[in-house]
Amino acid sequence: MTTLSIAEVRAKVLSGELKLRDVVEASRQKIDAQNVEINAFVYTDFELALKQADEVQEKIMSGTAGKMAGAVMGIKDVICEREKPTTCASDILAGFESVYDATVIERLKAEDAVIVGRLNMDEFAMGSTTEYSRYGASKNPRNTRKVTGGSSGGSAAAIAADMVNASLGSDTGGSIRQPASYCGVVGLKPTYGRVSRYGLVAYASSFDSIGPFAHNVEDAARVLEVIAGFDEMDNTSSREPVGNYVETVQNPTKNIRIGVPEEFFGEGLDPEIKEGIEATLKKLEDDGAELVPIHLPHTKYGIATYYILATAEASSNLARFDGIRYGHRTDKDAMLDELKAEEEDLKKAIKAADGAEKKELQAELERMDSALVRLYKKSRTEGFGMEVKRRIMLGTYVLSAGYYDAYYGKAQRVRRLIKQDYTDAFKEVDVIVTPTAPTTAFDIGSEIDDPLQMYLNDVYTISANLAGICGVSVPAGTHSNGMPYGIQFMGDTFQESKILNAARLVEMLD
Amino acid sequence: MSTIAHERFEAVIGLEVHAQLLTNSKAFAPVASIYGEAPNTQVTPLCLGHPGTLPVVNENLVRYIIKMGLATNCGIAPKSIFARKNYFYPDLPKGYQISQFETPICHDGYVDIELEGYNKRIGLTRIHMEEDAGKSIHDQDPYNTLVDLNRAGTPLIEIVSEPDLRTPQEAYAYLSKIKQIVQYLEVCDGNMEEGSLRCDANVSVRPRGQEKLGTRTELKNMNSFRNVEKAIEYEIYRQIELIESGGEVVQQTRLWDSNKMQTRIMRSKEEAHDYRYFPEPDLPPIIVTDEMLEEIRSELPELADVRQKRFVADYGMSEVDAVTITEDRYLADYFESVVDYSGNAKASLNVVLSEVLRILNEKSISIQEFSITPQRLSELIKLKEEDKINSSAMQTIFNKMLEDEGSPEDLAKSMNLIQVSDSGFLEELVDDIIANNPDEVERFKAGKKQLMGFFVGQAMKASKGKANPKMVTQMVTKKLEA
């Protein structure tokens, strides 16, 4: 039942064939049966979901239901829901409950979506596998030895395992599209500013986008149509009118111009994925599409640029997790005892020492942390995971006095060049096609100790975030290793209709 | 401190003034901030730095700072951006302060200050917007520091002067000028004691004639105009003494202790923060169009300098009086309102300068807190102009009006102070006085005209202050000179 599209659920409820509560029950059974292994959901509340289902059921029957009636959804643990645990899969937010709903949650609820729970992710959306989570790694439903991709791995896996028919994720460098590719589902990253970020716990504010996952393109379009649009709570959200995305995918245009950037089909790409995508493009061409070779010369600097700018913003965005007002705070008394003991030890050592050594020890005593500084250090050291610490340090470094121009300043200039590459390209084409990721999902644990290798998983997705444009990943085939892979369409800013149209054409090839 | 040292050195002073804006809501959050409310009641998830919250620019903030920029002859940047200033402190909920760094919205302005004997133009480097932090309270709990976030996110503008100031007196005059301008523009209430106006000072000294600047210190924690003057004075002497005794000024931040009347070290240059400024990604650039600029310019009120000149021209008052009355925008407003009601500028000026200012000084209150409305005061002035009361009665009634809501005329009647202008009654009174004081009459007739005061005084005494002194004078003259 959870493989039915939102529209199908709604139709069957209206015809009396189904009760919405049965769909929610089916979701619960799936989760009960499989989540122990898949680890997509980190929190569920079916009591509330069933109550909501009954309310929406009545609305469907009386013809007053909103656009999302029929959707049974999960939400990535980085999007705030009132009185629900919102932990970003981090120990530093263990036990934290948001006091408000994100704008996207308000909009989904207002249109009668039923939300059953919250989904696993890489801590603070930093990662490409969902292994960096306080809840442990999510596993790929197609093969549980494999990663789901990330950071929105739970959101992709919940769809792939048919636990829900739609979910929300967030995409800062590929965190929606890459797991969608690895898990064989549809995932869309909207244009920056298309969907309000109010209530999305910030990783890199100038990159973050909230977007949908679904079994099919139409459901992704439906969710986007509801969550998109200007929000006065987010000054970076756009007043650009929201398109009729569902209508677009219901009547797709076949004679579109598709840009094919040479740079995205070269070294590093799995040959089978390359062949598969080329075969898909051939079919689209046969159906009336025009393939246009294009160049995006600066995108090769994408990963380097991203890891300077995104970590810089992250180092500032994550400063608020300081153990003062909420979230994890170190054991204060133990910390004070420890500080006191250190001080006494130092004093003893000073007494015993003389000459240069004494001076050095005295200087050390002078430099000792205040209780406040120690409280910050210990709380944050205990609360943040390895990858988050790595990125905070990287970001702090690139913003430091004396390094700013060489790193941050330069990266910002490269970002503009990348954006210009896309602006120029979209003068010629409707959409740009690329593989979503260079490989299929790999084994859990195989890259966790090699951050640079890990970062390369986002090589095809990251430049869309740098440019602020939209992108969608739609399943394109299955590798001989049994794992799915996706094809990505990128569109110019606010051209979500065009990428959804192209994604629908691929879906129709099946 | 020897005078010789002072002659050999000159001080170089720059001020950073923070003014808390009178917007209805916080800089970046739709919630009010009212001084003196219970701690942590004027807050939203944003002010508390909750995850997922985003700042939203208060449009008034932008208008207010542009007003300030225009009033201080600044250039207004057509495009400026916000920046994040990063540091950890418990009263800074987000771990960064939203401010402006490389592109302040207002730049390169000036104000003119007047001191005894000379005028001086003080350059303004920049005026930028930022949000305030919360308040750390260290003295209410013996074991913990308490944090009140009501103030967190309230809008501030920071006005940075060029190092053009040379004496504590110039600094005082400059600060007073800034206060006057923010009050005239109604962008800030200018109250230093409540912290809505705050001032830090950069102070250095150098031998006279030397161009190169000396090492500066930054002074903080000066919470009144006098303290700013005193702290700078102290710091200048401290630095001169240090150099004279062979020492060296070290770049550091120092706190003013108003009890001990001295500055003490807060942190050294080495301990200074690396604020890691970078563009605030949550807020788009502020675009100021020509139309917006013109609209705001047209809304600018008349500022003190212009008003002074107008008062001299329109009301024929002296320049000294014009300066006094326009010093405080609200006092000038009050005065003009009294003139409007009474139609008599000269009489209005006299009452405001003598009576109203006396009460403000005695009670240490502002004109906004003064109880007599311009309309009531003008009624009092009219009574006097219409000869219904005399000067001494006017003062008595004025004092009564401070506590009594009654109309001046009713008060005059109830206090029996309406002048008697009934010629029959006065004639009888004057005749009595003439009959009872033959000696004085004799001397008056012999040419001692100063005795008129004696006769009028007798008449006032006999009438218990109600006699119209003008009429009494006329009658005495008529009767004794005929």
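In this text the structure is predicted, and so the values were computed from the model without any measurement. (Residues numbered from 1 in each chain as written. Chains lettered and ligands numbered in written order. Predicted model: local features only at pLDDT ≥ 70, side-chain atom pairs only at ≥ 80, totals over all residues. Heavy atoms only, no water.)

(A) Structural detail: the overall build of chain B. Along the backbone of chain B there are 16 helices and 16 strands. On C-alpha atoms alone, chain B measures out to a radius of gyration of 30 Å, which is more than a quarter above the 23 Å that the 2.2 N^0.38 rule sets for 482 residues. In terms of its C-alpha atoms, chain B occupies a principal-axis envelope of roughly 95 × 55 × 55 Å. Across the 482 residues in chain B, those meeting the buried criterion constitute 51%. Taking contacts inside chain B between residues at least 6 apart in sequence as the whole, the part at least 24 apart equals 69%. Within chain B, the 76 negative side-chain charges are centred at a point lying 2 Å from the centre of the 55 positive side-chain charges. (Helix = DSSP H or I, 4+ residues; strand = E, 2+ residues; numbered from the N terminus. Rg over C-alpha atoms; globule rule 2.2 N^0.38 Å. Buried < 20%, exposed > 50% of the residue type's maximum accessible area, 1.4 Å probe, protein only. Contact = heavy atoms within 4.5 Å. Lys, Arg positive; Asp, Glu negative; His and termini not counted. Charge placed at Lys NZ, Arg CZ, Asp CG, Glu CD.)

(B) Representation of the environment of Arg145(A) within the structure. Residue and element names in this part refer to chain A. With respect to the helices and strands, Arg145 occurs in the loop between β3 (114–119) and α5 (153–160). Under the relative-accessibility criterion, Arg145 is labelled exposed at 54%. Placed 74 residues apart in sequence, Arg145 and Ala71 show a C-alpha to C-alpha distance of 30 Å. Contact partners of Arg145, with chain neighbours within four places excluded, come to Phe442, Asp443 and Ile444.

(C) Looking closely at the packing of helix α2 (residues 20–38) of chain A against helix α3 (residues 46–62) of chain A. Residues and elements named next belong to chain A. Packing of α2 against α3 brings their axes to within 8 Å, and their N-to-C directions diverge by 155°. What the angle tells us is that α2 and α3 run roughly antiparallel. Considering only the axes of α2 and α3, their crossing is right-handed. Between α2 and α3, the residues in contact are Leu20, Arg21, Val24, Glu25, Ser27, Arg28 and Ile31 and Phe46, Ala49, Leu50, Ala53, Asp54, Val56 and Gln57, respectively. In the contact of α2 with α3, the residues fall into eight nonpolar, two polar and four charged. (Axes fitted to C-alpha atoms, helices over the stretch in contact; angles between N-to-C directions. Parallel < 35°, antiparallel > 145°, perpendicular 65-115°, else oblique. Left-handed = near helix turned anticlockwise from the far one by under 90°. Nonpolar A, V, L, I, M, F, W, Y, C, P; charged D, E, K, R; others polar.)

(D) Representation of unusual backbone geometry in the model. Residues and elements named next belong to chain A. Here the residue pair Gly150 and Ser151 is connected by a cis peptide bond, since its omega of 10° sits within 30 degrees of zero. Inspection of the secondary structure assignment puts Ser151 in the loop between β3 and α5. One non-glycine residue, Asp162, lies in the positive phi region at around 55°. Its location among the elements puts Asp162 in the loop between α5 and β4 (166–171).

(E) Focus on the domain arrangement of chain A. All names here are of chain A. For chain A, the assigned domains read domain 1 (6–304 + 418–509) and domain 2 (322–383). The centre of domain 1, based on its C-alpha atoms, is set 45 Å off from the matching centre of domain 2. Contacts between the two partners involve six residues from domain 1, matched on the other side by seven residues from domain 2. A per-residue breakdown of the area domain 1 buries against domain 2 is headed by Asp91, Ile92 and Phe96, which together make up 82% of the total. There are zero salt bridges connecting domain 1 and domain 2. Across the contact surface, domain 1 and domain 2 share three residue pairs in polar contact (both at pLDDT 80 or more). Looking at side-chain class alone, the side of domain 1 that touches domain 2 contains three nonpolar, one polar and two charged residues. (Domains from an automatic or database assignment. Buried area = accessible area lost by both parts, 1.4 Å probe. Salt bridge = Lys/Arg side-chain N within 4 Å of Asp/Glu carboxyl O. Polar contact = N/O pair within 3.5 Å; in protein donor to acceptor, adjacent residues only side chain to side chain.)

(F) Examining the nonpolar core more closely. Counting 115 residues, the largest nonpolar core has Ile79(A), Leu108(A), Phe124(A), Leu168(A), Tyr422(A) and Phe489(A) as the members making the most contacts within it. By residue number, the principal contributor to this core is helix α10 (residues 302–317) of chain A, which donates eight residues. Not counting residues up to four positions away in its chain, the partners in contact with Leu108(A) are Met68(A), Met73(A), Ile75(A), Ala113(A), Leu168(A), Val223(A), Val226(A) and Ile227(A). By size, the runner-up hydrophobic cluster in this structure holds 68 residues, among which are Ala11(B), Val57(B), Leu70(B) and Tyr96(B). (Core = buried A, V, L, I, M, F, W, Y, C linked by side-chain atoms within 4.5 Å.)

(G) Layout of the interface of chain B and chain A. Taken together, the 31 residues of chain B in the interface contact 40 residues of chain A. Among the residues chain B hides against chain A, the three largest losses belong to Pro51(B), Phe88(B) and Arg276(B). Together they make up 22% of the total. Applying the counting rule to chain B against chain A returns one salt bridge. Residues Asp282(B) and Arg197(A) are paired through a salt bridge, measuring 3.0 Å at the closest nitrogen-oxygen approach. Our count for the chain B to chain A interface comes out at 19 residue pairs in polar contact (both at pLDDT 80 or more). Listed by contribution, the elements that provide at least two residues to the side of chain B that touches chain A are β4 (83–86) and β15 (278–279) of chain B. Considered class by class, the residues forming the side of chain B that touches chain A number 19 nonpolar, seven polar and five charged.

(H) Structural context of the sheet that holds β4(B). All names here are of chain B. The strand order across the open sheet built from three strands is β5-β4-β15, with neighbouring strands paired in antiparallel fashion. With partners counted over all chains shown, the strands left at the sheet margins are β5 (96–99) and β15, one partner each. As paired elements, β4 and β5 share four bridges and run antiparallel to each other. Paired with Asn86 across the two strands is Tyr96, which belongs to β5. (Pairing = 2+ DSSP bridges.)

(I) Geometry of the pairing of strand β11 (residues 197–207) of chain B. Residues and elements named next belong to chain B. Most of β11 sits out of view: nine of its eleven residues are buried. As defined by bridge partners, strand β1 (residues 9–20) adjoins β11 across eleven bridges and the pair is classed as antiparallel. Pairing of Val17 across the sheet is with Cys199, part of β11. As paired elements, β11 and strand β12 (residues 217–222) share four bridges and run antiparallel to each other. Counted as the bridge partner of Val203 is Thr217 from β12.

(J) Spotlight on the packing of helix α15 (residues 452–462) of chain B against helix α16 (residues 469–481) of chain B. Residue and element names in this part refer to chain B. At their nearest, the axes of α15 and α16 sit 10 Å apart, and the two run at 125° to each other. Taken together, the axis directions place α15 and α16 in an arrangement best described as oblique. Crossing angle aside, the handedness with which α15 passes α16 is right-handed. Packed against α15, whose contacting residues are Met452, Phe455, Val456, Ala459 and Met460, the element α16 presents Pro469, Val472, Thr473, Val476, Thr477 and Leu480 at the interface.

(K) Molecular detail of the packing of aromatic side chains. Inspection of every chain in the model, using the stated rule, returns 29 aromatic pairs over all chains. Between Phe124(A) and Phe384(A) the ring centres are 5.9 Å apart and the planes differ by 70°, which places this aromatic pair in the edge-to-face class. Of this pair, Phe124(A) sits in the loop between β3 and α5 while Phe384(A) sits in the loop between α13 (371–383) and α14 (386–399), and the two are 260 residues apart along the sequence. Across the pair, exposure class does not vary: Phe124(A) and Phe384(A) are buried alike. Look at Phe444(B) and Phe455(B): their rings are 5.8 Å apart centre to centre, the planes differ by 80°, and that puts the pair in the edge-to-face class. Pair noted here: Phe444(B) is in helix α14 (residues 438–445) and Phe455(B) is in helix α15, with a separation of eleven residues, a long-range link. Residue classification places Phe455(B) among the buried residues on the basis of a relative accessible area of 2%. Members of the aromatic cluster, joined through ring pairs, are Phe96(A), Phe124(A), Phe321(A), Tyr326(A) and Phe384(A). A cation sits over an aromatic face here: Arg239(A) above Phe230(A), 3.9 Å from the ring centre. (Phe/Tyr/Trp six-rings, centres within 6.5 Å; stacked < 30°, edge-to-face > 60°. Lys NZ or Arg CZ within 6 Å of the ring centre and 35° of its normal.)

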